[in-house]
Amino acid sequence: MRTDNMEHKALFTIPKASYSTAIAVTKPLPPQRVITGHKQTDAYLWVLEVIQLNEPAHLEAAEAALAKIKIKPQDAQERYTAYLRRSGAHPLQIAFGSMSMDNPENYFKNARKAIEEAATVRGVFGSYEAALEDTAAERLMLVGELADVYAPFWGWTEQEIRDECMEGQRCFDRDEKREEISKGFAAQLPAPHMLSDVVREMMYWRWLYWQRNRASRELGYEYGDGDRDHITHRESYLESLLSTLKPVSRKEAIEVCQWVLKDDRFSDLGNLTHAIILNLVGSVPNA
């Protein structure tokens, strides 16, 4: 019977925390600003800004400051929305700028979640910067020709480089060419022997995405860690393996099938999802 590829397992097992989660530098408090001109509304906006720092040292102070503010959250939201309208803000900016302002508890909830996630990043990687560095698996993937293929401006025309922009079908064509050249990095990485290897690797890449996303936000990047095409193409290859690599036992088939059915990723893959399910529910050994 086939067994796990131990070399593959070593690369794609989610690591445990081994570093201190202590914060080296406390984020400074933002300056109090005159925004709407209404003191209570501006004070409320400042408290929300403090909460969104996701800084453990400031949360208690933010709660204390919020308790002293006399304006109701709903009233502050209405006043800020009116201010944005008077300022000529775009309707979308108004909608997103004032969204959930009337629910400060949700701000605290999101902050505590972000603080927990940030601590996990520091515990595993030691620093936010380290989380953004290539992993051992990526260093195997991005070598030789493939390092060039996945370089930022590969496939760009001179005009696109000057304009710092690639648009429309050109983006899709470049993406398809990269995926065609890499062939899922099957030649660069140890091969999954079992479906459980495939699932482990897919879970690893997703875990890594969220770790990097949080690290990037902590470093001040508004939109988190952007898509990394080499990982996307590897994941597409792994998805294809789920439809072709046969289960080694009914137990493995059932476990992987349950995982697929619970995962939103597979809800809209169409024929590929159907092929995966058929592969898992087909004839398998009794072992």
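Residues numbered from 1 in each chain as written. Predicted model: local features only at pLDDT ≥ 70, side-chain atom pairs only at ≥ 80, totals over all residues. Heavy atoms only, no water.

Asker: Looking at this structure, how should I read the pattern of salt bridges?
Answerer: Two side chains carrying opposite charge are able to pair once their charged atoms lie near each other. Using the criterion set out here, one finds 14 salt bridges in the structure. Here R33 makes a salt bridge to E49, at a shortest N to O gap of 3.5 Å. Of the two residues, R33 sits in the loop between α1 (6–12) and α2 (39–51) while E49 sits in helix α2, which places them 16 residues apart along the sequence. Relative accessible area serves as the criterion here: at 47%, R33 is assigned to the partly exposed category. (Salt bridge = Lys/Arg side-chain N within 4 Å of Asp/Glu carboxyl O. Helix = DSSP H or I, 4+ residues; strand = E, 2+ residues; numbered from the N terminus. Buried < 20%, exposed > 50% of the residue type's maximum accessible area, 1.4 Å probe, protein only.)

Asker: Could you clarify how one ought to interpret the nonpolar core in this entry?
Answerer: Counting residues in hydrophobic clusters, the biggest one holds 36 residues, and the most contacted among them are W205 and L242. The contact partners of W205, leaving out residues within four places of it in the chain, are F12, A137, E138, M141, I231, R234, E235 and L238. Counting 22 residues, the second largest nonpolar core, distinct from the first, contains Y44, L66, A89 and Y107. (Core = buried A, V, L, I, M, F, W, Y, C linked by side-chain atoms within 4.5 Å. Contact = heavy atoms within 4.5 Å.)

Asker: Would you mind going over the packing of helix α6 (residues 104–125) against helix α12 (residues 195–218) with me for this structure?
Answerer: Each pair of packed helices can be described by the angle between their axes along with the distance between the axes. For the pair α6 and α12, interaxial distance at closest approach is 9 Å and the crossing angle is 110 degrees. Here α6 lies roughly perpendicular to α12, going by the angle between them. Taken together, the residues of α12 that come into contact with α6 (itself represented by A114, E117, A118, T120, V121, V124 and F125) are W207, L208, Q211, R214, A215 and E218. Its residues placed into classes, the contact of α6 with α12 shows eight nonpolar, two polar and three charged. (Axes fitted to C-alpha atoms, helices over the stretch in contact; angles between N-to-C directions. Parallel < 35°, antiparallel > 145°, perpendicular 65-115°, else oblique. Nonpolar A, V, L, I, M, F, W, Y, C, P; charged D, E, K, R; others polar.)

Asker: In this structure, what is going on with the side chain of R200? I would like to understand it.
Answerer: For R200, the location among the structural elements is in helix α12. Apart from residues lying up to four places away in sequence, R200 is in contact with D4, H8, K9, F12 and T13.

Asker: Sorry if this is basic, but what is going on with the environment of V25 here?
Answerer: Relative to the helices and strands, V25 resides in the loop between α1 and α2. V25 sits in the exposed class, given a relative accessible area of 64%. Counting along the chain gives 205 residues from V25 to H230, while the straight-line C-alpha distance between them is 33 Å.

Asker: I tried to follow the packing of α2 against α6 on my own but got confused; where do I start?
Answerer: Running from N to C, α2 and α6 point in directions that differ by 20 degrees, and their axes come no closer than 9 Å. Overall, the two elements α2 and α6 adopt an arrangement that is roughly parallel. Crossing angle aside, the handedness with which α2 passes α6 is left-handed. In this structure, α2 uses Y44, L48 and I51 to contact α6, whose residues at the interface are P104, Y107, F108 and A111. When grouped by side-chain class, the residues that make up the contact of α2 with α6 number seven nonpolar, no polar and no charged. (Left-handed = near helix turned anticlockwise from the far one by under 90°.)

Asker: Hey, could you run me through the environment of E116 in this one?
Answerer: Along the chain, the position of E116 falls in helix α6. For E116, a relative accessible area of 57% corresponds to the exposed category. The sequence separation of E116 and H58 amounts to 58 residues, and the corresponding C-alpha distance is 15 Å.

Asker: Just checking my understanding: could you explain the packing of aromatic side chains for this structure?
Answerer: Two measures describe an aromatic ring pair: the distance that separates the ring centres and the angle between the ring planes. Following the criterion strictly, the structure yields 10 aromatic pairs and no others. Judged by centre distance (5.9 Å) and plane angle (25 degrees), the rings of Y80 and Y83 are stacked. One end of the pair is Y80 and the other is Y83, both in helix α4 (residues 73–86) and three residues apart, which spans about a single turn. Relative to W205, the ring of Y204 lies with its centre 5.4 Å away and its plane at 70 degrees, an arrangement referred to as edge-to-face. (Phe/Tyr/Trp six-rings, centres within 6.5 Å; stacked < 30°, edge-to-face > 60°.)

Functional significance is not addressed by these values, which are geometric in nature.
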